[in-house]
Structures are given as structure tokens and as C-alpha cells.
Amino acid sequence: MRPRIRGSLALILIAASPARPADGILAPGAEPQLLQERGAGEGPAWHPELGLLTSGGGSIYRRALDGTVSVYREGAGSNGLAFDRKGRLVICEASGRRVTRLEADGNLTVLADRFDGHRFNQPNDLVLDSRGRIYFSDPCYGDRSGMEMTDAEGRKVEGVYRIDPDGGITRVITHEADRPNGLAISPDGASLFVADNNNDTVGGARKLWRFALREDGGIDPDSRTLVYDWGATRGPDGMKFDVAGRLFVAAGLNRQNPPFETQEEPTAGIYVFSPDGELLEMIPIPRDECTNCAFGGEDFRTLFVTAGGTLWSVRLNEAGRTIWNAR
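Nothing here was measured: the structure is a model prediction, and the numbers come from that model. (Residues numbered from 1 in each chain as written. Predicted model: local features only at pLDDT ≥ 70, side-chain atom pairs only at ≥ 80, totals over all residues. Heavy atoms only, no water.)

## Looking at the overall build of the protein chain
Right, so step 1: Helix and strand counts for the protein chain come out as zero helices and 27 strands.
Right, so step 2: Relative to its length of 327 residues, the protein chain is compact, with a C-alpha radius of gyration of 18 Å against a globular reference of 20 Å.
Right, so step 3: Evaluated residue by residue, the protein chain yields a buried proportion of 55% over its 327 residues.
Right, so step 4: Of all intrachain contacts in the protein chain linking residues separated by at least 6 positions in sequence, the fraction that spans at least 24 positions is 48%.
Right, so step 5: When the accessible surface of the protein chain is totalled, it reaches about 14,000 Å², and 46% of it is carbon and sulfur.
Right, so step 6: Here the protein chain contributes 38 positive and 46 negative side-chain charges, whose respective centroids are spaced 1 Å apart. (Helix = DSSP H or I, 4+ residues; strand = E, 2+ residues; numbered from the N terminus. Rg over C-alpha atoms; globule rule 2.2 N^0.38 Å. Buried < 20%, exposed > 50% of the residue type's maximum accessible area, 1.4 Å probe, protein only. Contact = heavy atoms within 4.5 Å. Areas by Shrake-Rupley, 256 points an atom, 1.4 Å probe, with all protein chains shown as cover. Lys, Arg positive; Asp, Glu negative; His and termini not counted. Charge placed at Lys NZ, Arg CZ, Asp CG, Glu CD.)

Next up, the structure:
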């Protein structure tokens, strides 16, 4: 029996209503399974030959197709990971304050390390669109004394940026989100979803926003729509779409973390939203914190979930939408 979502969680995009169970999301009898106890703090990315890559302990780990785990790239300082259509690994190097790409020959290309002459904060998560443009978030968690990013008025910026195929870098979001984290682009390419997760500030944002994406790769600021507000618990983090257009969002916290997170019951898990923004299902994950997810496996119907350095999997009925099966 799935837990009921209550308390401060509220659906905003459509008329507020309690979460209702959604038949057919989980495979029959499926429950989250613990796969490994370390090496999976963030950034899951699936490759049909390599298996699953995750960020953990400052390095990138590989879980091969046979289940063996090894260090894939030591000292990467990574967070979000994603493969492009050529099978190259794009890396948000949070500790290095840059976005890089691991080429087929093993060389590392720096795609972005500055904007307007200033170093990025902590590149966190990323998503690629159908044109090969890379969108990445740049929040700052923890010590903020080294922040260089500011707007024209000198205010600090935690933004979202776009890297074009020609190498040009554009700031897409400046102050339209409080502290952007996870990103996702709708299957039709018309919307950018932004996880606004200011989880180390009392009263900070714990919200999921949707923005209309223009043809030129920018957003329409006036289109900002609140999809969901996690209220008193930890907000949204990484997220992915399935082939049915449903959005799977990692969020929540099981134990309280006062004064920041004061939820009355466990909330960590994967929140599944319909294409219209309705909360369909919450898949509980019994570890803190639930940080990200990725689809993989031979049929792309396995959802891998990172939580507190641990890795989980759960079987689904529908396949996830990935670059490997995109049409």
C-alpha cells in the first residue's frame, strides 16, 4: 500500500487534490531494491554498453551490466551526468566549477567554466535538447563566500545556462528561480522544468517550475508555472521523463532536518507527475536524501535512484525516455 501524501505538500498547477494511486506505473509486485551502499550520491546516467554511471565521493563510479562496481573516473568532482547522442559523457563538475565532456578518445574538453568573465558557482545538473544544446543549473550550496556570479545590479546569481553546439554560452534563468537544481525538457521540446531547491534556507523554495521554451533556446519568463510545492520538506532534485510523457522527480526527506526541513512524516522518494502536472504516484525510497534518477536496463524500464550515496532500482511498466530510445 502506497503512503498517502499529506501535510504541507500541495499540487498547484491544476486544482489542488490529494494524490491518487495510478495503476500501471510500477511493474506488478515491484518494490525499490537496494543495489549498492556507496558511490551513488548523484548523477545517474545509463549507457547500453557501459551500464550505469553515478557520482559519489568525488569520483564517477561505474556499475557494469553484470553488476560489478568500479571507479570510472577518479577525482572527477562531479554531480550531474548525461550522455549526448554521440555517446560522450557530459559532466557537471561542481567542485571544479565547470562543465566538461569526456571524449571517445578519453580526453576531457572544457565546455564552460566562465560566464562574462566570472567563474560558475557549482554546476549541478544538466539536460540536453534535441538540437544538442546543453542546459545546466548553477546553484551554490554551503559556503557562499567564493561566489562570483552577479547581475548588472551586483546581486548574486544562481542561474541556468545554455551551451550551444558552437560553444556559445547564454544565461537562460537569472532570478526566475531561487536556487535551480534539477532540469528536464519536455518530450516535445516546448517546456523547461526547473527544480527550485533552496533546502538550506528556512522558508526557501522547494518548488517545481515549468517554463515555456522558445525556438531560440530561451525561456518566456511570463510563462513560469508552479507545478508542485514540497513545503516543509526537502524540495525537488533530479528528474526524468518516460515515453508516456510522465515526469519522475526525486525529492523529499525521511528524517527531519530542523530548522530547514520539518515534515511530519517520511517524504523521500520519486514523485510521478502526469503530462498535465497531476501527481499520480509517490514511490518511497527508505534513505535520505533522494537526489536523482535515471532510466536504464536492456528495455529502459528500470528506474535507478540515487539516495544518500546508495543506489536503488525499481521496475516500471513503461520505458523511460532516453537518448538511446528517443524517436
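## A few points about the pairing of strand β21 (residues 236–241)
Right, so step 1: Counting buried positions over the six residues of β21 gives five, a clear majority of the element.
Right, so step 2: Taken together, the four bridges between β21 and strand β22 (residues 247–251) define a ladder with antiparallel strand orientation. Residue F241 lies in a different strand from β22, and its bridge partner there is L247. (Pairing = 2+ DSSP bridges.)

## Details of the state of the cysteines
Here, the word disulfide means a covalent bond between the sulfur atoms of two cysteines.
Right, so step 1: Applying the stated rule across the entire model yields zero disulfides.
Right, so step 2: C293 supplies the cysteine sulfur nearest to C290, a cysteine that is in no disulfide, at a spacing of 7.5 Å. (Disulfide = S-S within 2.5 Å.)

## Side note on the sheet that holds strand β2 (residues 33–40)
Right, so step 1: Strand order in the open sheet formed by four strands is β2-β27-β26-β25, and the pairing between neighbours is antiparallel. Each edge of the open sheet is held by one strand with a lone partner, namely β2 and β25 (290–296). Strand-to-strand twist across the sheet, computed as the mean angle between neighbouring axes with direction ignored, equals 25°.
Right, so step 2: Sheet topology places β25 next to strand β26 (residues 302–307); six bridges connect them, and they run antiparallel. Paired with N292 across the two strands is T306, which belongs to β26. (Axes fitted to C-alpha atoms, helices over the stretch in contact; angles between N-to-C directions.)

## Structural notes on the nonpolar core
Right, so step 1: In terms of nonpolar packing, the biggest core is built from 21 residues, with F248, I270, C290, L303, V305 and L316 touching the most fellow members.
Right, so step 2: Taken together, the elements giving at least two residues each to this core come down to β22, β23 (269–273), β24 (279–284), β25, β26 and β27 (309–315).
Right, so step 3: Setting aside chain neighbours within four positions, we find C290 in contact with R234, D237, A250, A251, G252, A268, G269, I270, I285, V305, T306 and A307.
Right, so step 4: Counting residues in hydrophobic clusters, the runner-up holds 16 residues, among them A184, F241, Y271 and L279. (Core = buried A, V, L, I, M, F, W, Y, C linked by side-chain atoms within 4.5 Å.)

Shape descriptors only; they carry no functional weight alone.
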